Every structure is written in C-alpha cells, then in structure tokens.
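Descriptive analysis of the structure
In case you want the letters, here they are:
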Protein chains: 6
Amino acid sequence: MKTADVLIDALEYIKRFAGQTFVVKLGGEVMMSEEVMDAVAQDLILLNYVNIKPVVIHGGGVEITRAMDKFGKKPQFIDGLRVTDKETMDIVKMVLVGQINTGIVSRINKHGGNAVGLSGKSGKLFVAKKKAGKVDIGFVGEIEKVNPDIVNLLIEKNYIPVVSPIGLGADGEAYNINADVAAGALAAELGASKLILLTDVKGVLRKDGTLIKRLVADDIEELIKDGTAKSGMIPKLKAIKQALDGGVKRAHIIKAKKHAILEEVFTSTGAGTMITKEEVRGE
Amino acid sequence: MKTADVLIDALEYIKRFAGQTFVVKLGGEVMMSEEVMDAVAQDLILLNYVNIKPVVIHGGGVEITRAMDKFGKKPQFIDGLRVTDKETMDIVKMVLVGQINTGIVSRINKHGGNAVGLSGKSGKLFVAKKKAGKVDIGFVGEIEKVNPDIVNLLIEKNYIPVVSPIGLGADGEAYNINADVAAGALAAELGASKLILLTDVKGVLRKDGTLIKRLVADDIEELIKDGTAKSGMIPKLKAIKQALDGGVKRAHIIKAKKHAILEEVFTSTGAGTMITKEEVRGE
Amino acid sequence: MKTADVLIDALEYIKRFAGQTFVVKLGGEVMMSEEVMDAVAQDLILLNYVNIKPVVIHGGGVEITRAMDKFGKKPQFIDGLRVTDKETMDIVKMVLVGQINTGIVSRINKHGGNAVGLSGKSGKLFVAKKKAGKVDIGFVGEIEKVNPDIVNLLIEKNYIPVVSPIGLGADGEAYNINADVAAGALAAELGASKLILLTDVKGVLRKDGTLIKRLVADDIEELIKDGTAKSGMIPKLKAIKQALDGGVKRAHIIKAKKHAILEEVFTSTGAGTMITKEEVRGE
Amino acid sequence: MKTADVLIDALEYIKRFAGQTFVVKLGGEVMMSEEVMDAVAQDLILLNYVNIKPVVIHGGGVEITRAMDKFGKKPQFIDGLRVTDKETMDIVKMVLVGQINTGIVSRINKHGGNAVGLSGKSGKLFVAKKKAGKVDIGFVGEIEKVNPDIVNLLIEKNYIPVVSPIGLGADGEAYNINADVAAGALAAELGASKLILLTDVKGVLRKDGTLIKRLVADDIEELIKDGTAKSGMIPKLKAIKQALDGGVKRAHIIKAKKHAILEEVFTSTGAGTMITKEEVRGE
Amino acid sequence: MKTADVLIDALEYIKRFAGQTFVVKLGGEVMMSEEVMDAVAQDLILLNYVNIKPVVIHGGGVEITRAMDKFGKKPQFIDGLRVTDKETMDIVKMVLVGQINTGIVSRINKHGGNAVGLSGKSGKLFVAKKKAGKVDIGFVGEIEKVNPDIVNLLIEKNYIPVVSPIGLGADGEAYNINADVAAGALAAELGASKLILLTDVKGVLRKDGTLIKRLVADDIEELIKDGTAKSGMIPKLKAIKQALDGGVKRAHIIKAKKHAILEEVFTSTGAGTMITKEEVRGE
Amino acid sequence: MKTADVLIDALEYIKRFAGQTFVVKLGGEVMMSEEVMDAVAQDLILLNYVNIKPVVIHGGGVEITRAMDKFGKKPQFIDGLRVTDKETMDIVKMVLVGQINTGIVSRINKHGGNAVGLSGKSGKLFVAKKKAGKVDIGFVGEIEKVNPDIVNLLIEKNYIPVVSPIGLGADGEAYNINADVAAGALAAELGASKLILLTDVKGVLRKDGTLIKRLVADDIEELIKDGTAKSGMIPKLKAIKQALDGGVKRAHIIKAKKHAILEEVFTSTGAGTMITKEEVRGE
C-alpha cells in the first residue's frame, strides 16, 4: 500500500521534529513561480499540522528593483548593499510588506492555513540601527535586538507568522535589513531547530560546480576565504554561522522547487547543503 | 516527487480530522497477526501525531476460549453469549486485561507511542449491571453508564488509551461486556467523530457476498431482519446504530490488514463499509 | 493642584471604560500631519495603559491616488468607488499595508507603545467577496465575515493592533474594502463599546454648517435622504448604523487635531458628533 | 488643550510604574482630615486603575490615646514606645482594626475602589514576638516574619489591601507593631518599588528647618547621630533604611495634603524627601 | 482498633461533604468560653483539611453592651433592635471587627489554621441600607446585596474567612446588621450546603422545653405564630428560612459546647435542631 | 466526646502529611483476606480524602505460583528469583495485571474511591532490561528508568493509581520486576514522603524474634550481613535503602491487618518497623 508506506516513513521524521520551530527563508527568486509558491504554502501548512512550527521570512531584492524602475529610480549598490535613501526605503516597505508579505499570507490562507504577516516593526520584533560603514548608504540597518514575543505568541496559537525584514530604529525610522541575516538572528532567538534557506541554487557548490552536501560551521570561514563561496552565498553562510552559534541545530540551503521543503524534512535523502555546528554521524 | 505528493494528499484528511477523536475497536482476529498488529500500532501513533485522538478498545473471544482450554474449562454459549461463571470471569479478566491489553500497550510503546492500558473498572469507566435474561449466564454485563473522564484526561495529555471491555458492578463485581457494544457506547460518550471496527471480514456483505460500501443508520434494522446481517455482524451493527444515534458521525467496518486504518482515514477510496446517520453526498 | 485635579476628573472616565474595546478609524487626512499623528499615537498608548483596548484601522485614499500618479496610472471612480484593476490593487496593498500601516506602527512604537500591524488577510480577519454591481469595478470588495480571533489575541496580550482594510477572497485574491465600513464591522464583531472616526470635518453638519452634537441611529436614514449627509459622510453614517445595530454603544465622528481622542474620551464636553442606538439621558 | 497635556505628561509616569507595587503608609495625622482622606482614597484608586498596585498600611497613635482616655486609661511611654498591657492591647486592636482600618476601607469603596481590610494576623501576615528590652512594656512586638501571600493574592485580583500593624505571636497573642517599621518590612517582602510615608511634616528637615529633597540610605545613620533626625523621624528613617536594603527602589516622606500622592507620583517636581539606596542621576 | 473505626465512620461524612461550603455562625455566647472557642477553632481547621470549606460569621451583642458600659453609654433597644447612633456604631465596629473578629482569627491561626478576617465592607461583601421603620434607630441596616467574590477567592485558596456583620452603605456609612440574617444571606449567596448556628440553647424547643430535632422550612411561620419560637429564636428561624429558600440544603441550631460542630457533622446522631427545605427520609 | 477527640488527634497527622505522596506496597499475603483488603481499600480512600496521595503497588508471588499450577507448570527458583520463560511471563502478566490489579481497583472503587490500574508498561512507567546474572532466568528484569508522569497526572486529578510491577523492555518485551524494588524506585521518583510495605510479618525482627521498632538506613547492611535479615526481608530492606537514598523520608514494614495503615499514619504508637535515613528525635 503506497500511501500508508509513505506516511509511516514520514512518521519517523514527524516524531523527531514534533514541537520544534523551523525558520524558513524564502528568497526573492522562489516567489517568482506561482507553482512553487503554491507548493511552499502547502508544505508550510503540512508542517504546521504535524506540530512543527514554521516561521517564514522573506527577501525581495528583485521585486524592489523592479518597483524602483516603475518609480523611475535607479538602484545603486555599494559592496553589495543597496543604497537606500528615504524614497527608496518607502519603496522597500511597500514592496516587502505591502506586496510580498501579503502575497505569501494570501497563498497560505487560500490553501487552508492561517498565516499572519508581520513587519519587523510590529511588536518591535527587529530593533535596528543604521549600519555603520565608510560611506553613508542610507536606511540600511543591522539588528540590535530581536524581540521574539509576538512570533512566539503566534506560533503558540498555531498561526504561521510571515515576517518582512524591516527593522525599527530607536528614532522610529524603518531600516532595510538583509533577509538572510534577519532569518539567522530570528532562528537563533526563537530557539529554532532548523533554518532552511530556499534559494535559486542547489546549495553550496565546490569550485568545480559540484554540490557540497554537508558542512560544519567551522568550514565556513575557509570557504569564504578561498573563494569557494562568492557574492550572495557569503551573507547566507555568515547568517547560518551566526544561527548555529546561537543554538540552531541544522541549517539547509536548498534550491526552491515544488515541495522541496517536504523532501528535505521528510525523506532520508534530504536536499541541498546541510550545515551543522559539529559533524553529524550516522544519519 | 512521490513522498511529497502523498503527504499533500494526506493533508486534506489531516485538516479535516484534526482535533477529533476516533474510537478504534480491534477484534480478536486482528491481534493474531504480529505483522498486522505492528502496522496497527504505527497507524495509531501516526493519527496521534497529526492531532487525531485515537482511543483503542479490544475484544478477545478467541483468546479467552484458548485460555479456558488450558485451564480445562469448556466454553458454553447461550444465544451467542458466553456463559461466564466466577472462574470464567477470572479467566476473562486475565486474558483481556493481563494479556491482550498489555500486549497492545507494549506494541504501541515499542513503536514510539505512549499508550496507557485501562480496564473498564479504572476510573469507573464502564459501570455495568448483570445482563437480564431468561437464563442466568453469570457475569455477562451491560453498560449502565460510561464515565469518560479518565479517557478524556489521557487523550488531552496525548496518551493513547487502550481499553478492555470489563465493567464494574455496583457490587464491586467485574462484568464481561461485548466489545462492540462497549466501543459504540464509548464513542458516543467521548463525542468521537469516527468509530472504526477492525474485523476479519471485508465489511457488511450482501447475501451474494458482495460488499456494501455505504449504509445509513436506518437501513440497519432491515438488514438484520432480512438476514443479510448474521451472527457476529448483528451486535456490530447494533453498536454502530447506537453510536450514530449518540452523535458519532461515521462508523466503519474494515477488514484488518496492514495499515488498513491509514488507508481508510487518509485516502479517498476508503475501505470496507461506511455507515452514517444520514446519506452523505459528494464524498 | 492642577495635575491631580485633571487626573481625578479623568478617573471617572477611566473607571467607566476600563476593560472595554475602542475601535479608532484614522482617515487618510489625519495621517498628513506629523504633529497630529504623534498626538494620536500618544493618545492610543494612554488608552492602552489605563486598560482601555484600542484597535486602530486606517484609510488611505489620498495616498493611493498619489502613488498611482507616480506609477503613471489615472484614478477612476464610479459611484464614489475606485475602479481597482489588478495593478491598482497592487498599489492599494503597497500603500495601505506597506506604507501607511507600517507608518502608524512605527509611530506608536516610537512613543513607547507596542503596536502590531495587520492586513485584513492575516488570520483571515476580513473574508471578502467582490462587490456586486452593474459595472465591474474590479477588486473592490465587501466583507462576508470578520474573524476577530487574531485581534482579540493581540489586545488580550496588550498589543495595539493596527489594521489595513484589505479583504481576503476565497480565491486568495485581495480586495479593497471601504475603511469606514471595515471599522464598523470590526467594532461590532469585537463587541467594542466605542467606534471613533477621526476625520477632517468637525462632525455631522446641518445644512447651515452648524455641528449636530448628538444623533440616534434612527435619524441616519433621514439625514441621508434629505441631503444633509453627503458624499464621504454617507458611508461613514451607514457604517456607524451597522456598528450600532451590531451592539456598539457609541460612535463618534471627530475632527482630527492634537489629542482629539483624549478630549473626547476623558472630558465631559466631548467633541464632534456622537451617535447612539437610542437617546442618552443626562450625560 | 489642558486635560490632554496633563494626561500625556502623566503617561510617562504611568509607563514607568505600570505593574509595580507601592506601599503607602498613612500616618495617624493624615486621617484627621476628611478632605485629605477623600483625596487619598481617590489617589489610591487612580493608581489602581493605571495598573500600579497600592498597598495601604496605617498608624493610629493619636486615636489610640484618645480611646484610652475614654476608657479612663492613662497612656505611658518608655523610650517612645507605648506601654501596652492586656487592656491597652485590646484598645489598640479596636481602634486600629475596628475603627481606622474599616474607615479607610469605607472611604476607598465609597469612591468606587475595592479595598479589603486586613489585620496583620490574617493569613499570618505579620508573625511577631515580644520586643526585647530592659523594661517589660507589654504587648509591643517586633516582626519575625512577613507572610505576604494574602496581600499578593489580593493585589493580583485588583483589590486594594488595607493593613493594620498588628502582629500575631506564636502564642496566639496580638502584638502592637510600629506602623513605619511594618510598612518598611512589608514593602521589602512584597518587592515594592516605592514606599511612601504620608506624614504631617514636609519631609526630612535640616537643623535650619529647610527640606532635604534627596537622601541616600547611607546618609541615614549620620542624620540620626548628629541629631538632624529626631523623635518620630528616627523610626521612619530606620524603617526606610531596612526597606531599601530589602530591595525597595525609592522611599518618600511626604506631607499629607490633598492629592499629595498623585503630585509625588505623576509630576517631575515630586514632593517631600526622596530616599534611595544609591544616588540617582538626571531625574 | 478504636482510632481507625472512628475515622472510617467519619469517612462517610467526609465523602458526602467534600468540596462543599459550610457557613458557621458563632453567637456571642459561644465566644465567652476559651475552651469552647479553642475547640471550635480546631473543628473549623479539621473541616478545612478534609476539603470542606468553612466560612465563619460572628455576632457580639453581649460584648457590644459591655463596651458601651465602659464608654458610659446606655444601650437602648426598640423591638429587639439596638438603637445605634454614630458613637454606638463606632463602638459596634470596634468590638466586632477590632476585638471579636481578630480574636477568632488569632485562635484559628494559633491552632494551625489560616484564617482571614473580613468586615462586610471589605470587597463590598455586604452592601447595606438603613433599615426602614417607624422610629429612626440609627445605623441599623439591612442587606441589599451580597458580593461573595472576596469570600470565594479566600476559600478557593484554602483560607478560612471570618466575617463581621457590618454593611457598607452607598453613602460610605457602616451599618450594623443582624448576624443571623447576615449568616443566612451569605450562606445562600455562597451556595453553601449547610448553615450552622452555634448558640447557647439546645436548639428549637417545644413549649414544654423538649427539643425539636427536625423541622421543615414551612413549619417555621407556624412556630413563630403560635409562640413556640420566641425573642432571639425568631430572627434565627427567619434567617434560616431565607437561607433554605436560597438553596442551602440544611440548617442547624446547635448548643455551643466543645466540638459540637464535629459531633454534628461527623456522627449519625447529630445535635440540636436540623431544618431542611423538605422532609428528609431515612437519615 | 469520643468521635471528636479521635478526629482532633488525627488532625495533627492530617496537617503534617497534607499534600504528600505515600507509596503503599501490598504483599501477596495481604490480598488473601477479603476483610483486610476491604479495610485497606477504606484506608487508602481516607488518605485520599484528607489530601494525602496514596499510590498502590502490589506483588503476587503466591497467586502466580497457584496459576502456574493450574496451567500445569512447575515453578523453579534460582537465588530466590523465579525462572520466567515466555509462557511463565504470560502467566505473570495475567495474574498481576488481569487478576490482582483489577481486584484492587474493584475493591477501592466499590468503597467509593476512584482507582485506576496501571501496569508498568503504561506510559512507560517502568522501563526495564533483562536482569544480568550467571544463569539465564528469562524475563526477570531490573528497572532502568521510572517515568512517573502518568502516576503524577493521576494523583494530581485525585485518582488512586494501582501499579503492577511489570517493566517494558526496549524490545517491547514485558519483564517481571520484584515488587519491593519497584515500590522503592517509584517512591523515590515520585518524591514520596512515606513508603509503606504491608507484609505478613510484624516488621524486622531481631534474632530472638522481638520487633525492631526503629532503624536507620546505615544499619541495613549490617543486619543483612549478620543474618538478622533473611530471605524475603533482604530485598525489602534493600529497596527501602534505595528509597531513602532517593529522598523518601520514612519507610515502614507493617503486618497487614485491618486498618494497619490508619494505625500507622494517624496514631502516635505507630506499627511495625520504621526506617529513616537518619535518627529521628522526639517523636
């Protein structure tokens, strides 16, 4: 009997993860495909129903750039960070909170889940300050403090929180926060057992393009130094390092495709690259 | 992706049944096969992990007869009811509570569940009185009152209760209760949404031996009267009738085989005979 | 002693309203002035600290029109309702949820409150359907059902909810909902004791421009029929009628100026127009 | 706008003190004036409504002396302590618990609060023993142990406890306890953040009669030694020292006049003398 | 074995009364004897430990008269009610609350119980108004409303409440309430199962001086009319009538002697006169 | 007055033990007498009603041997341990869980208590492994871990748990556990204050046959070494030693006769042998 066999196999994973929190970061690319997003929504609902607590956080760089275009503004980057003047910050909020976050909430709720969208300002979730640097790049922030109460309240009541990486400054200003960094900090603060980064690459790749299936936290620095990890992969790995240091047990970088989350969570093959604090045996 | 597809299909059923109580009655025949029992244990654990509350109740006629043999006692039946003198009642308790119930508990707990065995005396679950009749057949009882508090306490704390159909008389005597009848009364009192009878037949059969897939409560009397339902099927159908009258939404008679419960609960094809209070449309 | 006298006067109102919920609707005009908005934020925080539960809901027509301009889209209205094609709906969400809602949350939290922003999609707060009409005006919706659980959860935990009037269709689509109507429906569903509409007019005016200080629900129809209430005042009065019918005790239409809410709540003079279900004596 | 400005100023203090416990000791002199007592009652109710937990404890030396007069007994003091024979102790209980305590309860409840009177015997609040000394002065006690459970229960349920400084000996005897000392011990045991002594003097005065606005705990010994603090001020300061050592953040000696509590709590000017454990900056 | 037999006999009564509330009224006479009062205290503690909730209410006419003497005031009665001017009312409060109530609390707590004294003002337990009548007899009140919250809170937390029959007028004035009447009203409002009046007579006596062991509520009027019940017995019977009408199951008038409460509660012989709503069979 | 005096004497013990857990082990001999068992049931119920939490655990060696006889199996012992093959283990379960445990539950519930039977498998109460030894004696186990959750849940809800000393192996097998050892381990894990072993001897006897009334844990080893303690007394003393080391305050070995438990708990004379960790003074 097919169905029963799959369910019984899944049961081992359900038992293992019951009651735990998973932080799932959706890269901007993930959200381009309606089909993938519908599958992601179903995956999150399934986790929720088997008593795993998913917390979603999303990026949105591509969409922000597209919206700036429409408003006739030209994006400018310094060291990979978007120069974010007041007007750009308004666009960032509109795109992340008004468009992408509400879109994810809709999709989850349409499929029968019960999601609640949050910007990082709500409940002072992400208290931020202006990112220090040689050049002033505007409202780009770094997290000073995560106040996880509002997220914990929602997951305790079985809602699926969907978080936009916007920080609230002491001055009341909004700050644009790197979504991977926000995901790592949130995962650590929530005591999540897994941090899953859904991206448009298969995972961390060797210089020859082959996938690295397992890493430990201590390898990360070397990978960055020797140029194996480049550009967008660098903040991901740094965020993961921070999450693992903060107590998260496992981090995963996975290519977004239909039901990639379920494949990762409920099968022994797993997917993408798994990074742990220390070497894991026999699994 | 196979696993994900099955899980997503199952999700519809998980959503529908989340938080509900299912009473599952295991016929004596079910418990003959180690393989089936291991599968039943897993099925119950899976239900429990997806927030469905399984309550198990079991029979044991075959085992009782076998134990009487060993003790050199000859079973005697009047109108299908076992004549139960004091010594026989001792054997009934020993077999049902000491052997079968502990066996089911072991099996569930071995597979990672958390079962608690209960005789119907514990917490005065089944208050019984001697079954009235023309001939005195001894300690054969009928239920006067179900006190479901102990069962509700256990399911609220996520234990899987396993119940033996022994009643407690006002006189402190134990009474042997028909397991199907006990299952029906318990399901009604717990406000269960499903009553599943796992048996050694495919379901209710027509006189030509074909399976009746759906019945409504009002058909039952006719089926008995016209002889379609015979011998062991009669108390099952009467118990189901009572359960449905008491508010249980659906009752199922299913042939015990590996993972028959999962097949019934998590697939659209279902299994065996489904009996409802009124006709169900479009499912 | 000045401070003490004012506090003791306020105490009467604090006693009267302790534990009650007030729904405060902020009109788009209110939010134009930084100074007024800072004062509104403080007023809401004060209510919250004296155990009155404020729930904020906001409009944003002016801002939406301005954003459409930037995107090069021309607003079009039929019977006072904005024609809302897909692209316009995207702008509506971006402006309401991404810009205005996050702005209000920032302001409250900067002043020491603890606000949480919600679109009407979150927790399926506003389940909506396409507004019926002779002409198709796109994603303009009406409320089918208010699910107040998420708002009740937040106020129970002393957060100040800030709600955007976006509805979630069964199809997963977002619908633009009139903010006054949403405020009235939310107030009724929450069992609020007061509904306060902060606007840019002094209240309901007679044809001669003088303020009507008190109205009862039954007067509303006549005021609309005889043309005393016009344009934007009509949906306000209809929403108030519905709120009062739904059990809200008092509704107020007040001109937004600094601390207008406190003046209304904590002084005997009150402000603007008060509408009640039945005539109120002696206050 | 006057009212709003005062309220907004008060908000800063409301935020700061929300959820904290204040022990307010009413000197016998305070209770001579109906007008002052009505104002005190209102002040306590206001604190209670803005989520500050007031606990009242009262003295009554003047009234005890007056009652002794009526009974034809002559008060006698040794080292400032009333010689308290059995008959005097009966008068003490009658005056403190029967007259003064019930009077304060009446006044608070008349103004719309919900006070509950307690002698220190109730719930074994003050376990006492006979005060040691060279001369036997009868039923004058010192506190051995404060059992704050009954007070904590009442403040948790939003009652305003009103406590008489009577202790219960292991022998079942009642002991007369100095009210300032009892206030200090109670404040420490409750984890109060403020101890306010309402008296008939402006505060601690210098030898030249000017008010000392701020003191730290370590100054107290010197003030007593050099004779600045005299007679009734000495036990007050000792009690305050003990309260501060026990974790109370601030103690205040204030002249009782109308709404002196509100003036102290809700304005920046404060009133009387404030004593803290360590020097406070910038407030 | 003696001890065990008594305990096993008592067990039947413990089972029957577990979780129920008993209101015990102590007449002024009871409190004259140290020995009886020590025994009463122990009885109440025993009830409390076997999960019966005792609530004590006391009288004090004799002591009030004695205290008035000391103050040089002459008691005056009209229709059996004490004329209570302002000064007398002060004495009433001092004696009841300050002396008798604290005395009972001491005694219970000395024996290892945990009593809390309450005047009827605390928590607005007895809201009273001036008793209407042809002649103004001052601060003699009747109960308008019993607010049992404070008593329920205390018994839920296993304290033994000791209540003085003082009422709080809307005007903030204290009113003297007949203790039997207060006991009856309190018993009804608390849903007590027993009301026990401890007095200095054996119970209700026939004209020939013999004890009436059982009465039903409907007999009461006749007993008063025909003069069997006289003077002090009349308000007792009226209060009992009201308590029984209010749902109290049994009322008892018992002569106070050592452990009379235990004798009544834990033996089949009972003591004094038992009054029930309807005739009780076979006990 | 006899009844009252006994109750007041008992009150001292009720106060001392209120809220504590007592583990009572019933030896097989105890259960031979209907009269004794009825008295034991009443004693347990009385403890339960005065807020002492009894947990029952039972043996059953005699009954097992008798049942083996009926099945035609010859018992065999090695070093005092029953050789327990598969078939014997089935008989052990049937007798202990099916016959003795249900019998105790019946008796308690018949007398008005609310007992719940548990084998050590339920809730994984006793996790066991095969007892190591030179010779393989089959399914004789030793406890690896006690999971007291299910017992704590039951006593918190005022049920009387009745436990059979059967352990659950990791392999799902049942293991026969010495009942005294199981009682000691359970008492330690529950934080019981008393462990009472009801046996057929008067207590620990000196070589001259006189009773040793008091022992401390450290004496036990010597008693065994010098042959004072023999055969069945040795495991009892070892189990007691372990319980005391695990924090149990007092252990008692008492001869089972009518109401022996009450005599031990509620009188100063006590009964049998009391063993404590350290010497107890003045009791």
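In what follows, the structure referred to is the one given above.
Description of the structure in this document.

**Re the interface of chain F and chain E**
Between chain F and chain E, the residue contacts involve 25 residues of the former and 25 residues of the latter. Buried area between chain F and chain E, summed over both chains or domains, comes out near 2,300 Å², and the portion from carbon and sulfur atoms is 82%. Considering only the surface of chain F that becomes buried against chain E, L7, I8 and Y49 of chain F emerge as the three largest contributors, covering 26% of it. Taken together, chain F and chain E are joined by zero salt bridges. Linking chain F to chain E there are two residue pairs in polar contact (both at pLDDT 80 or more). Looking at the side of chain F that touches chain E, the elements that each hand over two or more residues are α1 (2–17), α2 (34–49) and α9 (260–266) of chain F. The biggest single contributor to the side of chain F that touches chain E is α1 of chain F, with ten residues. In terms of residue class, the side of chain F that touches chain E is built from 15 nonpolar, six polar and four charged.

**Considerations on the relation of the copies chain C and chain A**
Relating one copy of the chain to the other takes a rotation about an axis and a shift parallel to that axis. Superposition record for chain C on chain A: RMSD 0.0 Å, screw rotation 180°, translation along axis 0.0 Å. Look at the turn and shift together and you get a two-fold axis relating the two.

**So, the side chain of T21 of chain E**
All names here are of chain E. As for its position among the elements, T21 is in strand β1 (residues 21–26). Overall, T21 belongs to the buried group, its relative accessible area being 9%. Residues contacting T21, with those up to four places away along its chain left out, are K53, V55, I155, L190, A192, S193 and K194.

**A few points about the pairing of strand β13 (residues 250–255) of chain C**
Residue and element names in this part refer to chain C. The element β13 is extensively covered by neighbouring structure, given that five of its six residues are classed as buried. Relative to β13, strand β11 (residues 194–199) runs parallel, the two sharing six bridges. The residue bridging L197 from the neighbouring strand is I253, located in β13. The pairing of β13 with strand β14 (residues 273–276) spans four bridges and is classified as antiparallel. By the bridge assignment, A251 is partnered in β14 with I275.

**So, the relation of the copies chain F and chain E**
By a simple turn and slide, chain F fits onto chain E: the slide is 0.0 Å along the axis, the RMSD is 0.0 Å, and the turn is 180°. Looking at chain F, 100% of its interface residues are interface residues in chain E too, so the copies touch through the same face.

**Considering helix α4 (residues 86–110) of chain B**
All names here are of chain B. Helix length check: α4, at 25 residues, gives a terminal C-alpha distance of 34 Å against a target of 36 Å (1.5 Å per residue), a fit within 8%. N101 marks where α4 bends most, by close to 25°. Where burial is concerned, most of α4 is hidden: 19 out of the 25 residues are buried. Of the residues one or two after α4, G112 is the one with positive phi, at around 100°.

Calculation rules
- Residue numbers here run from 1 along each chain, matching the order of that chain's written sequence.
- In the order they appear in the text, chains get letters beginning with A and ligands get numbers beginning with 1.
- Reporting in this predicted model follows two pLDDT cut-offs: at least 70 for local features of residues, and 80 or more for side-chain atom pairs to be given and counted; totals over whole chains, interfaces and linings ignore these cut-offs and use all residues.
- Excluding hydrogens and water, the side-chain values take into account all heavy atoms of the structure.
- Pairs of residues are marked as contacts when any of their non-hydrogen atoms sit within 4.5 Å.
- We define buried area as the total accessible area lost by two parts upon association, computed with a 1.4 Å probe and summed across both.
- Salt bridge criterion: a side-chain nitrogen from Lys or Arg within 4 Å of a carboxyl oxygen from Asp or Glu.
- Definition of a polar contact: a pair of N or O atoms within 3.5 Å, with one able to donate and the other able to accept a hydrogen when the atoms are protein atoms, and with sequence-neighbouring residues admitted only if both atoms are side-chain atoms.
- Here a strand is any run of E in DSSP of at least two residues, a helix any run of H or I of at least four, and the numbering for each starts at the N terminus.
- Residue classes follow a fixed rule: Ala, Val, Leu, Ile, Met, Phe, Trp, Tyr, Cys and Pro count as nonpolar, while Asp, Glu, Lys and Arg count as charged, and any other residue, Gly among them, counts as polar.
- We superpose the copies by least squares over the C-alpha atoms of residues that have a pLDDT of at least 70 in both of them.
- Relative accessible area decides the class of each residue, using a 1.4 Å probe on protein chains only: under 20% of the type maximum gives buried, over 50% gives exposed, and in between gives partly exposed.
- If DSSP finds at least two bridges between two strands, the strands pair.
- To estimate how far a helix should reach, multiply one less than its number of residues by 1.5 Å.
- Bend is the name given here to the angle between axes fitted to two runs of seven residues, the run ending at a residue and the run starting at it.

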